Amino acid sequence: MSLESVKAFFAARQADIAIIELDVSTATVAEAAAAHGVEPGRIAKTLAFRLNDGRDVILVARGDARIDNRKFKDAFGKGKMLPPDEVEAITGHPVGGVCPFGLASELPVYLDVSMQAYDEVLPAAGAVHSAVRISPERLGEITAGQWVDVCQAFA
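By convention here, each chain's residues receive numbers from 1 onward along its written sequence. Per-residue local features are limited, in this predicted model, to residues with pLDDT of at least 70; the limit for side-chain atom pairs, both in listing and counting, is 80 or more; totals at the level of whole chains, interfaces and linings are taken over all residues. Processing note: side-chain calculations cover all non-hydrogen atoms of the structure and skip hydrogens and water entirely.

The name that an unreviewed UniProt entry assigns to the protein is YbaK/EbsC family protein, with the source organism given as Chromobacterium phragmitis.

### Thoughts on the overall build of the protein
What the protein contains, in helices and strands, is five helices and eight strands. Every helix listed is a DSSP run of H or I at least four residues long, and every strand listed is a run of E at least two residues long, numbered separately from the N terminus. Counting from the amino terminus, helix and strand elements in the protein follow one another as α-β-α-β-β-α-β-α-β-β-β-α-β. When we talk radius of gyration, it's over C-alpha atoms, and the globule rule is simply 2.2 Å times the number of residues to the 0.38. Here the protein has a C-alpha radius of gyration of 14 Å; the compact-globule value for 155 residues is 15 Å, and the two agree. Projected onto its principal axes, the C-alpha coordinates of the protein cover approximately 40 × 35 × 25 Å. Exposure categories follow from relative accessible area, calculated using a 1.4 Å probe and restricted to protein chains: below 20% of the type maximum is buried, above 50% is exposed, and the middle band is partly exposed. In the protein, which comprises 155 residues, the share counted as buried stands at 46%. Each accessible area value is a Shrake-Rupley result obtained with a 1.4 Å probe; residue values ignore everything except the protein chains displayed when judging cover. Roughly 7,500 Å² of accessible area belongs to the protein as shown, and the carbon and sulfur atoms make up 49% of that amount. Within this scheme the basic residues Lys and Arg register as positive and the acidic residues Asp and Glu register as negative, but His and the chain ends are omitted. Charge coordinates come from a single atom per side chain, which is NZ of Lys, CZ of Arg, CG of Asp or CD of Glu. Separation of charge centres in the protein, based on 15 positive and 21 negative side chains, amounts to 7 Å.

### Overview of helix 3 (residues 69-76)
With a side-chain oxygen lying 3.0 Å from the backbone nitrogen of Arg 70, the N-terminal cap of helix 3 falls on Asp 68. At the C-terminal side of helix 3, Gly 77 shows a positive phi close to 85 degrees. A 3.5 Å cut-off defines polar contacts: any pair of N or O atoms within that distance qualifies, except that in protein one atom must be a possible hydrogen donor and the other a possible acceptor, and neighbouring residues in sequence count only when both atoms are side-chain atoms.

### Digging into the pairing of strand 5 (residues 109-112)
Of the two faces of strand 5, the one lined by Val 109 and Leu 111 and the one lined by Tyr 110 and Asp 112 are each fully buried. Examined bridge by bridge, strand 3 (residues 56-62) and strand 5 share three bridges and lie parallel to one another. Among the inter-strand pairings, Leu 59 is bridged to a residue of strand 5, identified as Tyr 110. When DSSP finds two or more bridges between two strands, those strands count as paired.

This is how it looks when you write it as C-alpha cells:
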C-alpha cells in the first residue's frame, strides 16, 4: 500500500513527520487546498516526467505553478509528463497521492524554487486523502532533492 511505503520512508529516516489523513479527497490542488484550508500555492504537487534521454524524474512544485517550457528544457532537455498508469508504476503512488516519499523506483527528486515562497508546504503522502506539513528546506533534506527553477515566475 502506498501510504504504508511513505510511513516506512519516514520511519527509516527517523523523521518525526505526521501524516494527515482526511475523510475527503485531496487528489487535486483545489481539493487539497480547500480540505487543508490553505491557498493553492501551499499544496506541493508532485509531477513525473520522462526525459528524452530516457530518465524518469520527479518534480515537486507549488500547487499554482505552471511549468515554463524554456526553463524546463534548459534544466533537463526535452521531456514529457508521464501518463497516470506509468506514474503509478514508477512511483508506487496513485495519481492524486503522488509524492516524493517512499517511491517504488529510485528516482531523482527535483524541487522547484517556487515553493521557497512559503515556510510550509503540503505534499501528498501516498494516498488521495493524505498529506504532510513540511518546510521546503526539510522537504529537500529528506528527499535529497535538488533545487531547480523550471516554473513560470510569480508576480
